[in-house]
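Coordinate analysis (summary)
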Amino acid sequence: MDYKKSEAKEYAREHFVGVWAANLTPFDEALRIDEKALRQNMDHWIRDLKLGGLFIAGKQAEFFAMSVEERKRLITLSVEAAQAAGNRGGIGRCGIITSCSDTNLDVVLDLARYSAQAGADYVIVHSPVLHFGADTEETIYEYYRYLSEQLDIGIAMWNHPDCGYTMSPELCNRIADLPNIVAIKYSADRARYKRLTELAGHKIQVSNPSEEDWLENIIELNWKLYLCSTPPFLLQTKVDQRMNEYTRLAFAGQHEQARKVRDSLEPVRAAFRASKPAGKPQAHGKAWQELLGQHGGPVRRPLLNMTEAELAATREAFAGCGLRLA
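In this report, we go over the structure that sits alongside the text.

1. A look at the environment of His-295
The residue His-295 is located in the loop between α13 (281–291) and α14 (308–319) in this model. We classify His-295 as partly exposed; its relative accessible area is 31%. Taking C-alpha positions, His-295 is 41 Å from Phe-132, a pair spaced 163 residues apart along the chain. In contact with His-295, other than residues within four places in its own chain, are Pro-26, Ala-37, Gln-40, Asn-41, Gln-289 and Glu-290.

Below you can see the structure in the form of structure tokens.
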């Protein structure tokens, strides 16, 4: 780590910024992690797309279908890729945040400590799955307080309705006071994340994974971090980086120009949305990756792969979306 625990918030305020993408994990036909394919994907994301950072081993990456050792391997490979790319011609090193989420707290701590030792910049931990409707705010606060006590690395909260509840902005703000809580991926409605930004935006980076809302959140809420999903590498190519462009324009205060670039991506968004089958986000993302020249591959159970008809519809939508490949 390049900072002390007491410096985590200040460090993240300066470095935990820009467009960060959540990886999809390429598997081979035997459903093993295809390390060569993953390295090539990460090299493209880091060197060609020049993303601010990568969110490693999250739900998009199918962490729930992996062993702890496989998750550690993803962490190692991502840190190695970021370190190998270095300063990238002056734009800075690609940051790495690792998902250490698990229902077993010992696994969370093991992965977080491993991440820090491996050289990751931050970790992100999903809010706990609470059974029997026991989603009390004190339980959730104590969960993050204990993690903060046990770990020195910067921690991002992660809350999504699939854990069974939505954390209130007031609870998130209370957790944001902990010394090494540096950010939140807040998959909530705009009213909630706007309120949290008002309460805690001076303490932590607040973000939401909606690419459609990213520009307006920069302009209206002064956000600096997109954290994070797959659009940064599914809506962009080496020669067509409109998400990066409108982000740069917005950060520079050129809001109308940024909106024009953002709006020009709507045919790509529409094609992607229209071709995505219900319940198959990872499989569809991997199919789209392959059309972009990246590596996708199959998904692991319990997820379902695309049917031939679904693949054909995706190819047709992609062909007319207007995203430039060369």
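2. Regarding the nonpolar core
Counting residues in each nonpolar core, the largest one holds 102 residues, and the members touching the most others are Phe-16, Leu-54, Tyr-144 and Ile-175. Among the elements that take part in this core, helix α3 (residues 68–85) stands out by supplying 7 residues, more than any other. Ignoring any residue separated from it by four or fewer positions in sequence, one finds Ile-175 in contact with Ile-140, Tyr-141, Tyr-144, Met-157, Met-167 and Ile-181. Within the second largest apolar cluster, 5 residues are counted, among which are Ala-287, Val-299, Leu-303 and Met-306.

3. A closer look at the packing of aromatic side chains
A complete count under the given rule lists 15 aromatic pairs for this structure. Judged by centre distance (5.0 Å) and plane angle (50°), the rings of Tyr-193 and Trp-223 are tilted. Residue Tyr-193 is located in helix α7 (residues 190–200), and its partner Trp-223 is located in the loop between α8 (211–221) and β8 (225–229); the two are separated by 30 residues in the primary sequence. Trp-223 carries the same exposure label as Tyr-193, and that label is buried. One residue, Arg-174, lies across the ring of Tyr-141, its end atom 3.7 Å from the ring centre. In this arrangement the basic side chain of Lys-185 is found over the ring face of Phe-55, its NZ or CZ atom lying 4.9 Å from the centre.

4. Considerations on the side chain of Arg-71
Note that Arg-71 resides in helix α3. You can call Arg-71 buried: its relative accessible area is 2%. With residues near it in sequence (within four places) discarded, Arg-71 still touches Phe-63, Met-66, Ser-99, Cys-100, Ser-101, Asp-102, Val-107 and Leu-111.

Rules and cut-offs
- Residues numbered from 1 in each chain as written.
- Predicted model: local features only at pLDDT ≥ 70, side-chain atom pairs only at ≥ 80, totals over all residues.
- Heavy atoms only, no water.
- Helix = DSSP H or I, 4+ residues; strand = E, 2+ residues; numbered from the N terminus.
- Buried < 20%, exposed > 50% of the residue type's maximum accessible area, 1.4 Å probe, protein only.
- Contact = heavy atoms within 4.5 Å.
- Core = buried A, V, L, I, M, F, W, Y, C linked by side-chain atoms within 4.5 Å.
- Phe/Tyr/Trp six-rings, centres within 6.5 Å; stacked < 30°, edge-to-face > 60°.
- Lys NZ or Arg CZ within 6 Å of the ring centre and 35° of its normal.

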